[in-house]
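One letter stands for each residue in the lines below.
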Amino acid sequence: MKKFVKNWSILTLSNFLYQGFLFFSFVRIARGLKPELYGKFTIIITAVAIAQVFTSLGLQKIVIREIARENSIISYIAKISIKPILIATCISAVILSIYLFQFEKINDLILLSLSLVLLLALTIWNYAEPIAFGIQQMNISAYLNVISSLVFVIVLFIIPTNSYTIIIVTIVYVLIFFLRALIYLFVEWKKNYFSVKNQSVEVIDLKTLLNQSLPYWGTNLLAIPTLQLPILFLGQFSGQQEVGYYGICTKLSMPLTLIANNLLIAVYPVLAKYYVENKSTFLDRTKKIFIFLTVTGIIFTLALGLFSKEIVAIFLGKQYELARPAFSIQVWVTLNLILHSFIATIFLATDKEKILVKLSVFNSVVIGLAGYIGSYYGAVGLSIGAWFGLLVGFSFHWYFVIKKVGLKLKLSLSALLMIYFIGFSLVSFFFVDEIILIRIILFVILSSMSFLSLKSYFNSDLKNLLLTLRYYGR
């Protein structure tokens, strides 16, 4: 138990630092590059990320599970899993090169080569990490993530802003993360993770390993039309400058994601324990957590949306001034994604993870289609498309939460939450350019109104809930 808590603490802290350093890195890059060049950089990173999903074959979770169950087969699993991954990487590399050259018109040999090196770096990292995680060695990944992202920030701030080019930025990015992956592999080699040993236990064969990984791979592939593919559509239909605006908006939303994700990490084991021990307590606590997360999220997101003009100006400067309407909607997209993550947490805590695959199909079609249509209308259009698609997706997901888990809210509460989410989203978008005094007054009035009208639903047990989370987090 102590090892679990230690690993969880290390991963939580390191992830917070890692994402925080990356946030400042991408803000620095955006300020150093013009929106169009930052858009090209975002397209390359996105295309490589999509290619990496194909190379992974969904093996990460299966590798972790098999090694965790029998540590002695670590070298065997490492040996048999590398072959299909290398084949998939070679195929993905060819397709990636053709796509960037033919469709994104990236004909610079250096950029094309760097994209392939980055794909290799991500593949090595995602091959090495599950092997270490299988024997609960999370500290290697944590330290390398924090150090690499910190070095990235330092190097970016050392380079003068007027010396920024897309070539230099991409070289720095790829080089640091390629070295990170190689160091990970070297550390595991030094620890003899890959040494061949005689196995005294029954081991899984490659065919079975791949068959078991297919559902996870399918879920990851279905997430592409939801999160990544719309960015490529945006580049095709609206240009790289709009990708630059949209890409930096998603990065500016990272603090909201960081705070919420760490809460979900803390909540998951608590809910899983409640579900086994006392289902009525599980339903009660889950309901209160959801209300707390939604209400505080709506108020915090309202502040980000209403003051997006100032946030964009402070972090990015005048050259990204046109990004503020997209950002005022993108923060609400981020909040919806967080609520989607909480629903996923509910299904995982109740051993209903198979439902997530079915829901992923729905999301990929509805949200993917909304993103495709929105991408014709620039960063704002894509943000609005994602907002609409996720709202439909959330309603569909919540229906299954009610049906499969039995978690129900009062009709009046559900209506209030939906009205506040939709209404405050519209206020954020249409009042983004009003004078700051009007926006301050609006925020005070709307946030006070929402908090007071919903306070009674969770206030009485909020203290007990926080004490419970604190107890199980020890």
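Keep in mind that this is a model prediction, so the values were computed, not measured.

The rules behind each value
- The numbering scheme is per chain: residues are counted from 1 as the chain's sequence reads.
- Local features in this predicted model are restricted to residues of pLDDT 70 or higher, and side-chain atom pairs are both shown and tallied only at a pLDDT of 80 or more, whereas totals for entire chains, interfaces and linings draw on every residue.
- Neither water nor hydrogens contribute to the side-chain values; these are computed over all heavy atoms in the structure.
- Two rings from Phe, Tyr or Trp (for Trp, the six-membered ring) form a pair when their centres sit within 6.5 Å of each other. Planes less than 30 degrees apart are called stacked, planes more than 60 degrees apart edge-to-face, and all others tilted.
- Put simply, DSSP H or I for four residues or longer makes a helix, DSSP E for two residues or longer makes a strand, and each gets a number counted from the N terminus.
- Exposure classes here rest on a 1.4 Å probe applied to the protein chains alone. A residue is buried below 20% of its type maximum, exposed above 50%, and partly exposed in between.
- Placement of a positive charge over a ring is assigned whenever Lys NZ or Arg CZ falls within 6 Å of the ring centre and within 35 degrees of the normal to the ring plane.
- The term salt bridge refers to a pairing of a side-chain nitrogen on Lys or Arg with a carboxyl oxygen on Asp or Glu at a separation within 4 Å.
- Helix span, expected: 1.5 Å multiplied by one less than the number of residues in the helix.
- Here the bend at each residue means the angle between axes fitted to two seven-residue stretches, the one ending at that residue and the one beginning there.
- Here, residues are in contact when the closest pair of their heavy atoms is within 4.5 Å.
- Axis angles are defined between N-to-C directions and span 0 to 180 degrees, where every axis is a line fitted to C-alpha atoms and, for a helix, only to the segment in contact.
- Crossings are classed by handedness, with left-handed meaning an anticlockwise turn of the near helix from the far one by less than a right angle and right-handed meaning a clockwise turn.
- Under the convention adopted here, Pro, Cys and the residues Ala, Val, Leu, Ile, Met, Phe, Trp and Tyr are nonpolar, Asp, Glu, Lys and Arg are charged, and Gly plus all remaining residues are polar.

1. Focus on the packing of aromatic side chains
By convention here, two paired aromatic rings are described through the distance between centres and the angle between planes.
Turning to step 1, where the next piece is worked out: What the rule picks out here adds up to 32 aromatic pairs.
Turning to step 2, where the next piece is worked out: Seen in terms of ring centroids, F290 and F342 are 6.2 Å apart; in terms of plane orientation they differ by 25°. Their pairing is stacked. In this pair, F290 is assigned in helix α12 (residues 279–306) and F342 in helix α14 (residues 324–349), connecting sequence segments 52 residues apart.
Turning to step 3, where the next piece is worked out: Here Y372 and Y376 contribute two aromatic rings whose centre-to-centre distance is 5.6 Å and whose plane-to-plane angle is 85°, an arrangement assigned as edge-to-face.
Turning to step 4, where the next piece is worked out: Judged by relative accessible area, which is 31%, Y372 ranks as partly exposed.
Turning to step 5, where the next piece is worked out: Aromatic rings pair up to connect F26, Y38, F41, F152, Y173 and F177 into one cluster.
Turning to step 6, where the next piece is worked out: Just above the ring of W125 sits the side chain of R180; from NZ or CZ to the centre is 3.8 Å.
Turning to step 7, where the next piece is worked out: A cation sits over an aromatic face here: K251 above F26, 4.7 Å from the ring centre.

2. Things to note about the pattern of salt bridges
Turning to step 1, where the next piece is worked out: Summed over the entire model, instances satisfying the criterion amount to four salt bridges.
Turning to step 2, where the next piece is worked out: The shortest N-O distance in the salt bridge between K288 and D284 comes to 2.5 Å. Taken together, the positions of K288 and D284, both in helix α12 and four residues apart, correspond to about one turn of that helix.
Turning to step 3, where the next piece is worked out: Classification of K288 by relative accessible area gives buried; the value is 11%.
Turning to step 4, where the next piece is worked out: R439 is the partner of E310 in a salt bridge, and the nearest nitrogen-oxygen pair spans 2.7 Å. Of this pair, E310 sits in helix α13 (residues 308–316) while R439 sits in helix α18 (residues 436–472); the two residues are 129 residues apart in sequence, bridging distant segments of the chain.
Turning to step 5, where the next piece is worked out: The class for E310 is partly exposed, based on a relative accessible area of 23%.
Turning to step 6, where the next piece is worked out: Its relative accessible area of 1% is what places R439 among the buried residues.
Turning to step 7, where the next piece is worked out: Each of E321, R324 and D433 takes part in salt bridges that share partners, so that together they form one network.

3. Observations regarding helix α8 (residues 206–227)
Turning to step 1, where the next piece is worked out: The terminal C-alpha atoms of α8 lie 30 Å apart, and with 22 residues this matches the ideal 32 Å at 1.5 Å per residue to within 8%.
Turning to step 2, where the next piece is worked out: Within α8, the axis deviates most sharply at L214, by approximately 40°, and proline P215 lies no more than four positions further along.
Turning to step 3, where the next piece is worked out: Within the sequence span of α8, burial applies to L209, S213, I224 and T226.
Turning to step 4, where the next piece is worked out: Of the surrounding secondary structure, the elements contacted by the buried residues of α8 are α2 (35–56), α3 (59–69), α4 (74–102), α9 (229–238) and α15 (354–374).

4. What to know about the packing of α2 against helix α7 (residues 166–190)
Turning to step 1, where the next piece is worked out: Direction vectors running N to C along α2 and α7 enclose 35°, while the axes themselves pass 10 Å from each other. In terms of crossing hand, the pair formed by α2 and α7 is right-handed. Judged by residue contacts, L37, K40, F41 and I45 of α2 engage I166, V169, T170 and Y173 from α7.
Turning to step 2, where the next piece is worked out: Its residues placed into classes, the contact of α2 with α7 shows six nonpolar, one polar and one charged.

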